[in-house]
Structures are given as structure tokens and as C-alpha cells.
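# Structural description and commentary
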Amino acid sequence: MDFREAIALALEMLAANRVRTALTMLGVVIGVAAIILLVSVGEGATAYITRELVGLGTNLLIITPGKTQSSGGFHPPVAGTVRKLTYEDAVALRRRTTLLTDAVPLVLGTGKVRYQGVSRDTSVVGVTPEFQRVRHLYVEIGQFVSDDDVEGHRRVVVLGRTVKRELFGEENPLGQFVTLADARYRVIGIMERKGVSLGFDIDDLVFIPVKSAQDLFDTDRLFEILASVGSAEDVDRATQQVREVLIRRHGNREDFTVTSQGAMLSAFTTILRILTTVLGGIAGISLIVGGIGIMNIMLVSVRERTREIGIRKAVGARRRDILWQFLLESIVLSSLGGVLGIGVGAGAATALSFLFTYLPTRVSLWSVVLAFGFSAAVGIFFGVYPARRAAHLDPIQALRYE
Amino acid sequence: MRPVVKARGEKPALGLTAAGGEPMMAVEEVWRTYQTGASRVDAVRGVSFRIAQGEFVGLCGPSGSGKSTLMNILGCLDRATRGRYVLEGVGVESLDDDALALLRNRRIGFVFQTFNLLPRMSALRNVELPMIYSGLAREARRERALEALAAVELENRADHRPSELSGGEQQRVAIARALVNRPAIILADEPTGNLDSRSGEEILGIFRHLVDDGATIVMVTHNPRVAALTQRVIEVKDGQVVSDARTGDSPGPAGSRPGPEPSPERS
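Residues numbered from 1 in each chain as written. Chains lettered and ligands numbered in written order. Predicted model: local features only at pLDDT ≥ 70, side-chain atom pairs only at ≥ 80, totals over all residues. Heavy atoms only, no water.

### Regarding the overall build of chain A
Put simply, the rule is: Per the convention used, a helix needs a DSSP run of H or I reaching at least four residues, while a strand needs a run of E reaching at least two, with both numbered from the N terminus. When we talk radius of gyration, it's over C-alpha atoms, and the globule rule is simply 2.2 Å times the number of residues to the 0.38. Think of it in three bands: residues with accessible area under 20% of the maximum for their type are buried, residues over 50% are exposed, and the middle band is partly exposed, with areas taken using a 1.4 Å probe on protein chains only. Working convention for charge: Lys and Arg count positive, Asp and Glu count negative, and His plus the chain ends are omitted. To locate a charge, the coordinates of NZ of Lys, CZ of Arg, CG of Asp or CD of Glu are taken.
A count of helical and extended segments in chain A gives 13 helices and 12 strands. Computed over its C-alpha atoms, the radius of gyration of chain A comes to 32 Å, more than 25% above the 21 Å expected for a compact globule of 402 residues. Burial statistics for chain A: of 402 residues in total, 51% are counted as buried. In chain A, 44 positive and 39 negative side-chain charges are present, and the distance between their average locations comes to 7 Å.

So this is what it looks like as C-alpha cells:
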């Protein structure tokens, strides 16, 4: 029996039991759809984070206080004896390294911003003028923090879009005074709208000069130093320069961590890849359950068609003819389920990213190919046993079967 | 009834001569023993006979006589436990399952009491079934299946499913299926058992036409009236041949000589 004919026969048999075929297929459809959907969520998240991290500014180095052992990860600055990073550290980095284009000291805190009885809890970032360049966040109206503002400990503030809207509405805030922890700050600028990135509302920030921030939070420490490197090839050497400068300044102790944007990116993507694999694996289990459904229904089918098998054997079907007939049926069943599942999964993934914009999804070719291959493999694996049973039926008993 | 010649226009492959020479099939001291646990049942006990090309043989006996078992062995659906079965000069007992399947496909046509048509397929596709396993191209299959259906006067029923056909028509489809690969022998197991007498006679008429055209037919029946329509009756009882005789009215064109003496041996 040639292949095309065998496929046609399999389709015909499946069409003869529409409801049963549909229900059996549903198991595979759900399994494959789950794989496609979950993997697409993982892939989408990876793509999203990559895009956002790259959007933060390329060739970024993040210097945080405290030493962590591994160099690849992203670590909160809590481990071990933490020695502070200071404003002077940042200045020294700017002066004594050749490969850094900028080194921005950052102070981060939270505070209540008030204007005429309206107040809002927000994040306060102490910055220097270079912050705009390094993070690609620019002022839109008015001006950003200047060097004079930093050196003069001036109480000036640049508002993020959300903060401006909440406090001032349509009113022009430039030149107005807001209260930040009992001190009055003059509004000198408004940032351009950026939206949410990595779950963080960048418009819900206020920027003040870094030294003013240190005054405000009564500290001489920095949250971190953001440094940018001229080109990607120089990142490793720049990291080395940063370490040399800071070790010398810190009494020959490496009590800080330099994380490159690339290292952070790969740390994130590694985590997400693991997550994606685990999710896909869990979905794969449901596909196996679908496969068991196929085996079950094929066993029923072999029993029901015992007489047919006997007739076919009587007119000259060999064992392998019967084996292939039933195996093809289960493969066609699971593959059709796979194709449908890919459609459903991809549809659901697309719908998901429309409904929840913070949950980006991406249906990748490899997951489609993998899911289809897996579903076909399930058909083969769970089809072999029923097909072998059919092939090994004794023709005499099969013919006598009622 | 239209001449059936077309359906089996050629003589069987091995060029057996009708009289004398090698028989179409020879059964020699065949035993079939079923072993279930400790109990042993001898369904066929040392049966021997020969059937020449062109014979129309009735295989008779009460139920449980072993005639069905014998039929299964003749049809290469089962193997003898002991003894030899030679079909067209080939010792069947030495063949593997695939070779037996090939023999059933090419050299044997089955007609069953319950017709055994595939219910979901049209008459035409049922007739095509054996040719699917002999690897014939679609067009050739269709053409030959239509020819075979025409031979049993059912060409206008080609697209009907078995459930849309009468019992006699179904059996004629089954005969067309048995003929379509031009087998050496047609084995019919109670072919009229499920039919009213008129349809039964129709079927027997077709068989006689086929024999007139040179076909070899072995028909199992427990109905003496039906058996009487054949040329030679082999009677089986308790797994043994109790009589083997030519019926009176048969012209016997093809020699049936080499059959063993009608022997009520051992009982």
C-alpha cells in the first residue's frame, strides 16, 4: 500500500468517528497549545528584557558597593562588609580612566513630594548632568540638573511626567516650588514621557542634584555609579580600569562590584531560559497525557476493527501493512492535533499580548517546530503498541470476532 | 447471467494440465492440534486428498468435524501441525507469515458465509482491497475491480456500501473481491449459509460458471443439497475424511482422479 493511500485511509477512518477523533485530538491540541503559549511568554519576556536593557543605554557598567564572588550575576548590594561608594569615587573614575565616557553617581531614595496640599510618594534620584546621556532619559521642558546645581547643593528638581501630572495637572510647574521632606525645591524641568520599563514607571520619578540628594537623605554614600564605555569592545578593559582606580582608592580592597550591561543581560536571559524550559516541560507533560489518550482510543479502535483486520489479512495484508495502517492513524491524529494546537497556542499568545501589554509574547519558529515534532513523536510512541497488537492478531480469530 | 470469463481470462500461473500431472493442491497426512494448557485437541487428524485444477469440490461435515480448520489450512490462514500441504507445487509449511500473506493475496480468493465486506467502503473499494496489497496502481485497480463487478453483474452498484445491498448482492461483491487478483483457487465457506434460497442458487450458479471457465473452487457446506451441486464431495467427520466421491451428475471436465480412495479408514 503506498504512502499517499495509507494517509488517505487514515484520514478516512478518523473522519468516520468525528466526535471521538476530535476529543482524542483535543488532548494533543491542549498540550501543544500549552507548550507554544508558555514558551512564547518566556521568549517574549526574554526579548522584552533584552530590548529594555539595551534601551537603558548600551555599554553600561554598574558599580555597586559590596563585593560578590561571581562576576556574572546581578546582586543586590547587601553581602559582606559593605564599604561605601562616594561621590569622590565617581569623580575619580571620570578623571583617571581613559575608556569611560561618563561616570554618574546615583543616590536613590523615596520621599513625599508636595505641592499645594497635593502629595505623592515617589522615588527620588540624585544625579549629575551626564545622567541624561548615560540612561537616554532627557528633559523635555526646562532644564536638567547642571554641574552648578550639583556643586552648589541646590534645591532644584526635575519632575517625571507622572509626578508632574499628579501634582500640577495642566498647570505649568516651571519655577514653582514643591516640598520634598520639608525642604522646598524649585522645579526647573520636566522629563519626556518614557512609560513603564521592566515593570518600573520611569515617569514616576523626580531628579535632584546628587549632592542635594545626599543632604536630603543624610548620607555620603551612593546607591551606585553608572558608567558608560565608548564602545562594546572596550567593556572588559574599562571594567579593569574601574577596578584598578577603585581598589587604589579603597585601600587595596575590592569592596565593590562592577557589573556590565552584557553580564546583566546574560544573567537575565539565563534565568528566563531556565524558566521557559521548565514551563515548556510542564506543558510537555500534558502532551504526554494526550498521547495516552491516543493510545487508549487506538486500542479501542483495534478492538472494534478486529474483523476488518481479519478481512485485510485474509486478502493478503502483511503484518507491516496492518502495523502501518494503525500507526499512521495515530500519527495523523497527533500531528493534526499538533497543527491545531500550534494555531490555538499562537492565537492565544497573540491575544495575550494584546490584552496585557505588560506581558509580551513571541511565538518563535523553534518552539513551533519542536512542538510539532514532539506531537508527531507522541503519535508514534503511543501508536506503536496498539498498532503492533493489530498487526499480530491471528487472522482466523480476527475473522471470527463479533 | 453474463459470461464470467472476463474476470479470470487467464489460466493459472503454473500451467498445470487439467488431467494428470501435478495437482493444484495436495494435502498429505495433515494434522492440526490445538494445545491449550494440559488439554490437547486434534481438530484435523491425518487428512489427505488432492484437488486438480478446474475441480468444484464440496467439503462437507457437521459442525465440529474439523472442516473449518481444514479450510483455514487450505487458505493459508493457518498452518498444519504435522503433514504436508502443497499449493501449486509449493510446500506451504516452510513459508513465513509474509509469504503466506502473499499467497493469500495472489493465489487464493475467499468467500465467507458472512460476506466479510468492509462496511464503510463502497462495493468498488471492497473489490479493490486485495489489489491494494498487491501494489497495483490506482487506475489499474479501479479498472480491474469494475471488470470483476461486471462479471457478477454489479457494475451499477459499484458505489453502494454493503449496507445498501441485499445479501445476495453482498455475496456477489465478495465473489468479485475473491476473483479480482485471479487466484488459483477460490475457497468458499458456507457461501449460501446466510442467503435465501433464490440468492443462494444465484451464487452457486456463478460458481458453476466460474468452474466452466476453468476456476478451481472448494466450498465448505453442511447442506447436502448444496454439496450435491458440486462435482466431488469430500466428507469430513471427527477430523478425518470419511468419504470422497464424485457426485452423479457432474460432467467432470477437469480430472479429479488423483483423489485417494473414498476411505472410511480409522474411526
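### What about the sheet that holds strand β1 (residues 25–36) of chain B?
Residues and elements named next belong to chain B. What counts, and what does not: Strands are labelled as partners when DSSP assigns at least two bridges between them.
One open sheet holds the four strands; their spatial order is β2-β1-β4-β5, and the pairing between them is antiparallel. The sheet is open, and its two edges are formed by β2 (39–51) and β5 (90–91), each paired on a single side. As judged from the two bridges shared by strand β4 (residues 82–87) and β5, these two strands associate in the antiparallel manner. Note on β5: the bridge partner recorded for Leu 87 is Val 90.

### Some points on the packing of helix α9 (residues 261–304) of chain A against helix α11 (residues 319–355) of chain A
Residues and elements named next belong to chain A. Operational definition: Whenever a helix is involved, its axis is fitted only over the stretch in contact; in every case the axis is a line through C-alpha atoms, and angles between N-to-C directions fall within 0 to 180 degrees. Each crossing gets its hand from how the near helix is turned against the far one by less than a right angle, where anticlockwise is left-handed and clockwise is right-handed. Only heavy atoms matter for contacts: two residues are in contact if any of them lie within 4.5 Å across the pair. All amino acids are sorted into three groups, where Ala, Val, Leu, Ile, Met, Phe, Trp, Tyr, Cys and Pro are nonpolar, Asp, Glu, Lys and Arg are charged, and the leftover types, Gly among them, are polar.
Put simply, α9 and α11 touch, their axes get as near as 11 Å, and they point 145 degrees apart. Note on packing geometry: the crossing formed by α9 with α11 is right-handed. Each of Ile 294, Ile 297, Met 298, Ser 301 and Val 302 in α9 lies in contact with α11, whose residues at this interface are Phe 326, Glu 329, Ser 330, Leu 333 and Ser 334. Taken together, the residues of the contact of α9 with α11 sort by class into six nonpolar, three polar and one charged.

### Points about the side chain of Thr306(A)
Residues and elements named next belong to chain A. What counts, and what does not: Here a polar contact is recorded for every N or O atom pair within 3.5 Å, except that within protein the pair must consist of a potential hydrogen donor and a potential acceptor, and residues adjacent in sequence are included only if both atoms are side-chain atoms.
Looking at where Thr 306 falls in the secondary structure, it is placed in helix α10 (residues 306–314). At 2.7 Å, the side chain of Thr 306 and the backbone oxygen of Arg 303 are in polar contact. In this structure Thr 306 touches Leu 393, Ala 398 and Tyr 401, once residues within four positions along its chain are discounted.

### Concerning a nonpolar patch on the surface
All names here are of chain A. Definition in use: Like-charged residues are merged into a patch within 9 Å and nonpolar side chains (Val, Leu, Ile, Met, Phe, Trp, Tyr) within 5 Å, provided each residue has over 30% relative accessible area and no salt bridge. Surface accessibility in these figures is a Shrake-Rupley result with a 1.4 Å probe; residues are shielded only by whichever protein chains are displayed. Here a salt bridge means any side-chain nitrogen of Lys or Arg lying within 4 Å of a carboxyl oxygen belonging to Asp or Glu.
A contiguous nonpolar surface patch, about 400 Å² in accessible area, is contributed by Val 19, Leu 23, Leu 26 and Ile 30. Summarising the element assignment, Leu 23 is placed in helix α2 (residues 18–55). Residue Leu 23 is classed as exposed on the basis of its relative accessible area, which comes to 58%.

### Remarks on the interface of chain A and chain B
Contacts between the two partners involve 26 residues from chain A and, on the opposite side, 24 residues from chain B. With its nearest N and O atoms 3.1 Å apart, the salt bridge here joins Arg320(A) to Asp98(B). Our count for the contact surface shared by chain A and chain B stands at nine residue pairs in polar contact (both at pLDDT 80 or more). Contributing elements (two or more residues each) for the side of chain A that touches chain B: α1 (3–16), α10, α11 and α13 (395–400) of chain A. For the side of chain A that touches chain B, the class distribution of residues is 11 nonpolar, two polar and 13 charged.

### Some remarks on the packing of α9(A) against helix α12 (residues 365–391) of chain A
Residue and element names in this part refer to chain A. Applied cut-off: Working rule for angles: under 35 degrees goes down as roughly parallel, over 145 as roughly antiparallel, 65 to 115 as roughly perpendicular, anything else as oblique.
It is at 9 Å that the axes of α9 and α12 come closest, and there the two elements cross at 25 degrees. Here α9 lies roughly parallel to α12, going by the angle between them. Crossing of α9 against α12: the hand is right-handed. On α12, the residues that touch Gly 284, Leu 287, Ile 288, Gly 291, Ile 292, Met 295, Met 298, Leu 299, Val 302 and Arg 303 of α9 are Phe 374, Ser 375, Val 378, Phe 382, Tyr 385, Pro 386, Arg 389 and Ala 390. Here the residues of the contact of α9 with α12 sort into 13 nonpolar, three polar and two charged.

### Some thoughts on the nonpolar core
Stated formally: Working definition of a nonpolar core: buried Ala, Val, Leu, Ile, Met, Phe, Trp, Tyr and Cys residues. They are joined through side-chain atoms within 4.5 Å.
Phe49(B), Tyr85(B), Leu87(B) and Val218(B) are the most contacted members of the largest nonpolar core, which has 70 residues in total. At seven residues, α11(A) tops the list of elements feeding residues into this core. Excluding residues that lie within four positions of it along the chain, Tyr85(B) makes contacts with Met25(B), Ala26(B), Val27(B), Ile73(B), Leu74(B), Cys76(B), Val90(B), Gly91(B), Val92(B) and Glu93(B). Of all hydrophobic cores here, the second largest spans 67 residues; its members include Ala90(A), Ala92(A), Val187(A) and Ile202(A).

### A word on the packing of aromatic side chains
The following threshold applies: The rule is short: rings of Phe, Tyr and Trp, with Trp giving its six-membered ring, pair when the centres are within 6.5 Å, and they are stacked under 30 degrees, edge-to-face over 60, tilted in between. Comment: the charge-over-ring label is applied if NZ (Lys) or CZ (Arg) is within 6 Å of the ring centre and within 35 degrees of the ring normal.
Under the defined criterion, the tally for this structure stands at seven aromatic pairs over all chains. On the numbers, 5.6 Å between centres and 10 degrees between planes, the contact of Phe110(B) with Phe112(B) is stacked. Overall, the relative accessible area of 8% leaves Phe110(B) in the buried class. On the basis of relative accessibility, which here comes to 11%, the residue Phe112(B) falls in the buried class. An aromatic cluster of three or more residues is present, and its members are Phe131(A), Phe144(A) and Phe207(A). Positioned over the ring face of Phe177(A) is Arg184(A), at 4.5 Å from the centre of the ring. It is Arg82(B) that lies over the ring of Trp31(B); its NZ or CZ is 4.7 Å from the centre.

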